[in-house]
Amino acid sequence: LSRLPVVVQLHLDFYFPSSYNKKNSKESLMRFIIAFILLFASSAFAYERESFGTWIDVDKDCLNTRQEILQRDSSTPVVIHGCIVRSGKWLDPYSNKVFTLPSGLDIDHIIPLKYAELHGAKNWPRAQKRAFANDPENLIAVSANQNRSKGDKGPYTWMPVNKSHHCKYAQSWKYLAEKYKLT
């Protein structure tokens, strides 16, 4: 047992304490089932964020994908200094709030990377994962709070607080899922 990965060992120690005795066999069986489910879930649903790469500068204009999306989604000309968008005016379609500084914004993957990984992207080559992660059609500038509340959820478990954006969000999701053949 000492050669098992630390996470597995911790699960076993928790679910099978050394104080086990035969009187607790029902409880022990339940602990085993829970441990098995947790161990399976943690490995089955794991994904490597790094396999999707980082923001890239596709057109070699010194602006990486994040900066390009900030520039695209601003309703006014953006101020750029040192290859970084410093200001603009963004209407977050998820919250319907206006932002003038990009520090309050995240670039959301409409179909989150982890979701894609678990629904068809797992065996994609790194180059395809990187292209997906940097696809402007799958990216939108939104409030950091909304992006983080969404996490890796799909439209069945998360929708923007701005109800007037629900249809557009669902349409974008459907289009992208078909484009990338995600289930």
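Structure's up top.
As the structure is a prediction and not an experimental result, all values here were calculated from the model.

1. Brief notes about the side chain of Asp-92
Structurally, the position occupied by Asp-92 is in strand E3 (residues 90-92). Within polar-contact distance, the side chain of Asp-92 engages the side chain of Ser-95 at 2.5 Å. Reaching out from Asp-92, the side chain makes a polar contact with the backbone nitrogen of Ser-143 at a distance of 3.2 Å. Leave out the neighbours within four places in its chain, and Asp-92 touches Lys-97, Phe-99, Ala-141, Val-142, Ser-143 and Gln-146.

2. Section: helix H3 (residues 65-73)
Residues of H3 that are buried: Thr-65, Arg-66, Gln-67, Ile-69 and Leu-70. In this structure, the buried residues of H3 make contact with strand E2 (84-87), E3, strand E5 (105-109) and strand E6 (139-143). Regarding H3, its N-cap is Asn-64, as a side-chain oxygen of that residue lies 3.0 Å from the backbone nitrogen of Arg-66 further along.

Definitions and limits used
Residues numbered from 1 in each chain as written. Predicted model: local features only at pLDDT ≥ 70, side-chain atom pairs only at ≥ 80, totals over all residues. Heavy atoms only, no water. Helix = DSSP H or I, 4+ residues; strand = E, 2+ residues; numbered from the N terminus. Polar contact = N/O pair within 3.5 Å; in protein donor to acceptor, adjacent residues only side chain to side chain. Contact = heavy atoms within 4.5 Å. Buried < 20%, exposed > 50% of the residue type's maximum accessible area, 1.4 Å probe, protein only.

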